[in-house]
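Listed below are the residues making up each chain.
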Amino acid sequence: MGKLDGRVVLITGAARGQGEQEARLFAAEGAKVVLADVLDGPGEAVAADLGPDALYVRLDVTREDDWAAAVTAAKERFGKVDGLVNNAGILRFNALATTALAEFRRITEVNQTGVFLGIRTLAPELAAAGGGTIVNTASYAGVSAMALLGAYTASKHAVLGLTKVAALELAAQGIRVNAVCPGAVDTPMVAPEVLRPGTDPRAVREEMDRMYEKVVPLGRIGRPEEVAKLALFLSCEDSSYITGQPFVIDGGWLAGISVL
Ligand code: NAD
């Protein structure tokens, strides 16, 4: 018996990173998974690896028509959708004073508007299926802040606001809505080549590892598989009395200021 037997869950940003691990874990727990992303090659490869219970759809979370088409494709293949993980997101570093308007808008569009469109599109489907779950991916930057992440921090705070409002509005239809707030997680989003382009990735990795050892009480960066387990908990019956809540998963980083 899997924890998600009989469920059909759409996961955005599922071509790699946390979304990929969520798709893999959810499929292993019996769900049919719809992997949505804009990276067609990697997304199709993960879906092919998972077999007939997985479907890849191209879905840019900022586009209403892509959302509608993804739901149609999911229902044609699996008959319903009763779970959603709004995981797709983008990260850019910039001081507020030098952030271009276009960059601020793009981050807002993907991280915030994308989550809104996901909830709005899927809520009627989940209700029609007799209820379901939505998990939104916020961040430690959704409950705290980090310098150089102004647009990102604002967008992730918004994700928590949307999570709470959706939980209030959708509870009567049997839909629970929660959020995961990961700290640093080892995915392509924060790979050394992305953080410091043009420098030796191994040296950057070692420097980052030393930093995490110092500032994260558990002493290391998180693994995407660990976030996937939290998303699973919030998507299955184990969390049946939980809705509208943010769940921080950060190795203790936000617990306080460590002087050890
Ligand atoms: P990632 O970059 O590996 O994965 C993000 C995925 O989202 C990619 O596959 C990407 O193609 C997809 N995506 C980007 N824009 C999209 C769009 N418009 N439409 C559809 N898909 C799109 O990074 P990740 O770490 O796996 O990120 C997953 C989520 O976790 C994001 O919301 C991110 O903000 C959040 N997060 C990450 C960290 C971290 O340290 N990695 C920490 C906190 C929160």
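Parameters and conventions
- Residues numbered from 1 in each chain as written.
- Predicted model: local features only at pLDDT ≥ 70, side-chain atom pairs only at ≥ 80, totals over all residues.
- Heavy atoms only, no water.
- Helix = DSSP H or I, 4+ residues; strand = E, 2+ residues; numbered from the N terminus.
- Rg over C-alpha atoms; globule rule 2.2 N^0.38 Å.
- Buried < 20%, exposed > 50% of the residue type's maximum accessible area, 1.4 Å probe, protein only.
- Contact = heavy atoms within 4.5 Å.
- Areas by Shrake-Rupley, 256 points an atom, 1.4 Å probe, with all protein chains shown as cover.
- Lys, Arg positive; Asp, Glu negative; His and termini not counted.
- Charge placed at Lys NZ, Arg CZ, Asp CG, Glu CD.
- Patch = residues over 30% accessible without salt bridge, like charges linked within 9 Å, V, L, I, M, F, W, Y side chains within 5 Å.
- Salt bridge = Lys/Arg side-chain N within 4 Å of Asp/Glu carboxyl O.
- Expected span 1.5 Å × (residues − 1).
- Near = heavy atom within 4 Å.
- Polar contact = N/O pair within 3.5 Å; in protein donor to acceptor, adjacent residues only side chain to side chain.
- Nonpolar A, V, L, I, M, F, W, Y, C, P; charged D, E, K, R; others polar.
- Core = buried A, V, L, I, M, F, W, Y, C linked by side-chain atoms within 4.5 Å.

Participant: Would you mind going over the overall build of the protein chain in detail, with residue names and values included?
Facilitator: Looking only at helices and strands, one finds 8 helices and 7 strands in the protein chain. Its C-alpha radius of gyration of 18 Å places the protein chain within 12% of the 18 Å reference for a compact globule of 260 residues. Once the C-alpha set of the protein chain is aligned to its principal axes, its extents read approximately 50 × 40 × 35 Å. When burial is assessed residue by residue, the protein chain has 48% of its 260 residues classed as buried. Intrachain contacts of the protein chain at a sequence separation of at least 6 include 68% that bridge at least 24 residues. Total accessible area on the protein chain is roughly 12200 Å²; 56% of this is exposed by carbon and sulfur atoms. If you average the places of the 25 positive and of the 31 negative side-chain charges in the protein chain, the two averages end up 2 Å apart.

Participant: Describe in detail a nonpolar patch on the surface, supporting the description with residues and values.
Facilitator: Taken together, the side chains of Leu96, Leu101 and Phe104 define a hydrophobic patch exposed on the protein surface, amounting to about 310 Å² of accessible area. Residue placement: Leu96 occurs in the loop between strand E4 (83-86) and helix H4 (101-128).

Participant: Before we move on, can you summarise helix H5 (residues 150-170) with the specific residues and values?
Facilitator: Residues separated by three or four positions in an α-helix point in the same direction, a consequence of the helix having 3.6 residues per turn. With 21 residues, H5 ought to run about 30 Å at 1.5 Å a step, and its terminal C-alpha atoms sit 30 Å apart, in line with that. Every buried residue of H5 is accounted for by Ala151, Tyr152, Thr153, Ser155, Lys156, Ala158, Val159, Leu160, Thr163, Ala166, Ala167 and Leu170. On its buried face, H5 sits against H4, strand E5 (132-137), strand E6 (175-182) and strand E7 (246-249).

Participant: How would you explain the site of the ligand if you had to name every residue and give the values?
Facilitator: Near the ligand lie 29 residues; those nearest to it are Arg16, Asp37, Asn87, Tyr152 and Thr187. Separating an oxygen atom of the ligand from a backbone N or O atom of Gln18 is a distance of 2.8 Å. Side-chain polar atom of Thr187 to an oxygen atom of the ligand: 2.6 Å apart, as the coordinates give it. Relative to its unbound accessible surface of 820 Å², the ligand loses 96% to contact with the protein. When residues of the shell around the ligand are traced back to their parent elements, those giving at least two are helix H1 (17-28), H4 and H5. Here the shell around the ligand is built from residues that sort into 15 nonpolar, 9 polar and 5 charged.

Participant: Go over the nonpolar core with me, naming the residues and quoting the values.
Facilitator: Counting 37 residues, the largest nonpolar core has Leu10, Val34, Trp67, Ile134 and Leu170 as its most contacted members. Taken together, the elements giving at least two residues each to this core come down to strand E1 (8-12), strand E2 (32-37), strand E3 (54-58), helix H3 (64-78), H4, H5 and E6. Setting aside residues no more than four positions away along its own chain, Leu10 makes contact with Val34, Ala36, Leu59, Trp67, Ala70, Val81, Gly83, Leu84 and Val85. Judged by nonpolar contacts, the second largest core, of 23 residues, contains Val9, Val135, Leu230 and Leu232.

Participant: Give a description of the pattern of salt bridges that names residues and reports values.
Facilitator: This model, assessed by the stated rule, comprises 16 salt bridges. As a salt-bridge pair, Asp238 and Lys3 come within 2.6 Å of each other at their nearest N and O atoms. Taken together, the positions of Asp238 in the loop between helix H8 (224-235) and E7 and Lys3 in the segment before E1 put the pair 235 residues apart, joining distant regions of the chain. Take Asp238: its relative accessible area is 46%, and that puts it in the partly exposed class. The partner of Arg223 in a salt bridge is Glu226, with the nearest N and O atoms 3.3 Å apart. Relative accessible area serves as the criterion here: at 42%, Arg223 is assigned to the partly exposed category.

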